[in-house]
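Okay, here's what each chain looks like letter by letter:
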Amino acid sequence: MATSATSPHAPGFPAEGRCGYYVEKKKRFCRMVVAAGKRFCGEHAGAAEDFYIQDINAGLRDETEIPEQLVPISSLSEEQLEKLIKKLRKASEGLNSTLKDHIMSHPALHDALNDPKNGDSATKHLKQQASILGNIENLKLLGPRRCFVEFGAGKGKLSHWVDIALKDAEKVHFILVEKVTTRFKVDGKHRKKNSVFERLQIDIQHLCLNKIPVLREGKLPVVGIGKHVCGMATDLALRCLVETYAASFEERNEEPLAKRIKNDKTEKEIYTLAKEGNEKNVPEKWNPVAGIVIALCCHHRCNWRHYVGKEYFRALGLGAVEFHYFQRMSSWATCGMRKTSLETSNSTTKRQDNQNDDSEEHDDGGYRITDDGADSLPGLLSVEEKKKIGHLCKLLIDQGRIQYLQQKGFSPALQYYTDPLVSLENVLLTALPNHSSSPETTA
C-alpha cells in the first residue's frame, strides 16, 4: 500500500522540492525531485488523480511460492534443465503451436505506407499499425460512440491511426495510458470535434478505469488496444479491463447502456451503437468492454505475481518456479537473431538516449536476451532447439491468458498479425465478449 502526502497514514511531510508520494513499504516519501509547481514525480503523477488506486491491477501476492533466490538458467545442471524442458513439453501437449495468419492492412495508412521518405524502421512500424487497425475493423470494433484505451501508448500513434480511420464518427474518446514522460506525442495534434484525446501518465498497475469521468459518467463501451504491450504490462492491462473495470458495473448493479438505449427507444443512439443492424442487434447482455486487441511481446518481462494465468499453470502441475524459468527461456525464441556484443552495446546506448522519443516503437533486438547473454547454454542446446523451446514458453504463457479471458466471459484468440521479418514479436491477442456475433472469436 502507498499513499499520497495528504493521507493520514503518511507521517510528516516530504522534503521541499521532492515527490509527495508516501511509499508505505519503505516508510518514507519518494525522494524524486519534482518539476516546479508539481507535487508528484513522473512515476507517481497518477497519485494525485482520482483514477489512482495502489496495486489495483497487480494480482494477489503469494511470495511463499517463490524461493528467496533462484539461480540463473546458465547455472542449472544439465539434469535440471532437461527436467524443466520435459515439464514444458508435457504442459504444451495438445496446444497448436502454429497460429493462423491474420496479416491485414487498412486504407487509412495507405499514403503513409507508400511514402518514399520512409526508412526500413518506419515502414515496419507502419505495417504493424496497419495490421492491428485492420484486425480491429475485422472484429467490428472500429465504430462510433466508444472509448479506445491504448495501453503503453508512447507517442500515441496507434490511437492516431484509429482516429484517422474513424473519420467523423460521433462521440469517440481516446485514453492514452503511459507511465513515462513522452516526447513528440501525436495526440496533441488532433482537433476533430467528435473525438477527444486524454493522456494519463500512470502505471497500468494502479489504473482504475471506472473512476475516469468520461467512463464513469458516459459509460462508453471500452476497446482496449496496444502495440507491443511489454511483458507483465499485458497482464496488468487485461486485469484492468476485465476485472477492475467490467466488474465494477456488476457491483454497482448499473443498467447497461445498450439496455437503456432499447428502453428509451432513441433511434439515433440505436443506430449509433448498432450501425450495421437495427434495434434487435443491440445485445441485451452488454459487456462494458467491447473488445481487446493487443500485440504481445517480451514474455521474459512477465512475473508470477502479475500473471493472469496462474490457475492455468497450477492445473498443469506448474507453479511460480517453473513460470520463472519458462519466462526466462521465452527469450530463446529470438536467439537465432543474435547480435555481436558491440552491436548489442551500441543499440542499448542508442535506446537509452532515445527512450522518450521512441518508447512505443518497440525494437525486438533492444529488449530480448540474446544468445550471447548470461542465460546462454553453449554446447548444450543448438540455436534451433532453443528457438523452439522459447516459442513453446511464449505459447504456454499466452495460453494462460487465453484461459483467463475465457473464464471472464470472453472469446479470445491468438494469431500472427505481421511477418516475422517485420517483427519477431508478431502475435496478436484479441478478445470479444461471448455474446458478440463477430466471426473472429475462436481461440
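Note that the structure is a prediction, hence the values are computed from the model and not measured.

A closer look at the overall build of the protein
Next, step 1: Along its length, the protein carries 13 helices and 11 strands.
Next, step 2: With 443 residues in all, the protein has 51% of them scored as buried.
Next, step 3: Taking all contacts inside the protein whose residues are at least 6 apart in sequence as the whole, residues at least 24 apart take part in 74%.

With respect to the packing of aromatic side chains
Next, step 1: As enumerated under the stated definition, the model contains 10 aromatic pairs in all.
Next, step 2: Grouped by ring-pair contacts, the aromatic residues Trp304, Tyr307, Tyr312, Phe313, Phe323 and Phe326 constitute a single cluster.

Focus: the sheet that holds strand S7 (residues 195-200)
Next, step 1: One open sheet accounts for eight strands, arranged S4-S10-S11-S9-S8-S5-S6-S7; its pairing is mixed. Lying at the two open borders of the sheet, with one neighbouring strand each, are strand S4 (100-101) and S7.
Next, step 2: Here helix H3 (residues 120-138) sits on the sheet in contact with strand S8 (222-230), strand S9 (289-297) and strand S11 (427-433), set at roughly 150° to S8.
Next, step 3: Packing against the sheet, helix H13 (residues 383-407) makes contact with S9, strand S10 (410-416) and S11, and its axis sits at approximately 155° to S10.

Regarding the nonpolar core
Next, step 1: Core analysis: the biggest nonpolar cluster contains 48 residues, and Phe151, Leu207, Leu209, Ile292 and Leu405 have the highest contact counts within it.
Next, step 2: Every residue in contact with Leu207, bar those within four places of it in the chain, is listed here: Phe51, Ile56, Asn57, Phe151, Val177, Leu200, Ile202, Ile212, Cys240 and Thr244.
Next, step 3: One finds Ala112, Leu126, Ala130 and Ala169 within the second-largest nonpolar core, a separate group that totals 31 residues.

Structural notes on the pairing of S9
Next, step 1: Of all nine residues in S9, nine are buried, a share of seventy percent or more.
Next, step 2: Bridge count between S8 and S9: seven bridges; the pairing is parallel. Across the sheet, Val222 pairs through a bridge with Val289, a residue of S9.
Next, step 3: Examined bridge by bridge, S9 and S11 share four bridges and lie antiparallel to one another.

Overview of the pattern of salt bridges
Next, step 1: Applying the stated rule across the entire model yields six salt bridges.
Next, step 2: Between Arg401 and Asp235 there is a salt bridge, with its nearest N and O atoms 3.0 Å apart. One end of the pair, Arg401, is in helix H13; the other, Asp235, is in helix H6 (residues 232-252), and 166 residues separate them in sequence. As far as the burial class goes, Arg401 and Asp235 line up, both buried.
Next, step 3: Taking the shortest distance from any N to any O, the salt bridge between Glu425 and Lys394 comes out at 2.9 Å. On the criterion of sequence distance, the pair formed by Glu425 in the loop between S10 and S11 and Lys394 in helix H13 is long-range, its members being 31 residues apart. This pair shows no difference in class: Glu425 is buried, exactly as Lys394 is.
Next, step 4: Through salt bridges with shared partners, one network takes in Asp235, Asp398 and Arg401.

Section: the confidence of the model for the protein
Next, step 1: Averaged over all residues, the pLDDT of the protein is 78; the fraction at 70 or higher stands at 71%.
Next, step 2: In this model, residues 1-11 is a region of pLDDT below 50 whose contacts with residues beyond four sequence positions or in other chains number 27 contacts.

So, helix H10 (residues 320-329)
Spacing of three or four residues puts side chains on the same side of an α-helix, whose turn is 3.6 residues.
Next, step 1: Counting buried residues along H10, seven of its 10 residues qualify, which places the element largely inside the surrounding structure.
Next, step 2: Within the sequence span of H10, burial applies to Ala320, Glu322, Phe323, Tyr325, Phe326, Gln327 and Met329.
Next, step 3: Those residues of H10 that are buried are in contact with helix H1 (78-91), helix H9 (310-315) and H13.

Quick notes on H3
Next, step 1: Here H3 contains 19 residues, and its C-alpha end-to-end distance of 27 Å stays within 8% of the 27 Å for a straight helix at 1.5 Å per residue.
Next, step 2: Among the residues making up H3, those that are buried are His125, Leu126, Gln128, Gln129, Ala130, Ser131, Ile132, Leu133, Gly134, Asn135 and Ile136.
Next, step 3: On its buried face, H3 is in contact with helix H2 (110-113), helix H4 (157-166), S8, S9 and S11.
Next, step 4: Where H3 ends, the next residue or the one after it, Lys140, has phi of about 60°, a positive value.

Analysis parameters
- Residues numbered from 1 in each chain as written.
- Predicted model: local features only at pLDDT ≥ 70, side-chain atom pairs only at ≥ 80, totals over all residues.
- Heavy atoms only, no water.
- Helix = DSSP H or I, 4+ residues; strand = E, 2+ residues; numbered from the N terminus.
- Buried < 20%, exposed > 50% of the residue type's maximum accessible area, 1.4 Å probe, protein only.
- Contact = heavy atoms within 4.5 Å.
- Phe/Tyr/Trp six-rings, centres within 6.5 Å; stacked < 30°, edge-to-face > 60°.
- Pairing = 2+ DSSP bridges.
- Axes fitted to C-alpha atoms, helices over the stretch in contact; angles between N-to-C directions.
- Core = buried A, V, L, I, M, F, W, Y, C linked by side-chain atoms within 4.5 Å.
- Salt bridge = Lys/Arg side-chain N within 4 Å of Asp/Glu carboxyl O.
- pLDDT = per-residue confidence, 0-100.
- Expected span 1.5 Å × (residues − 1).

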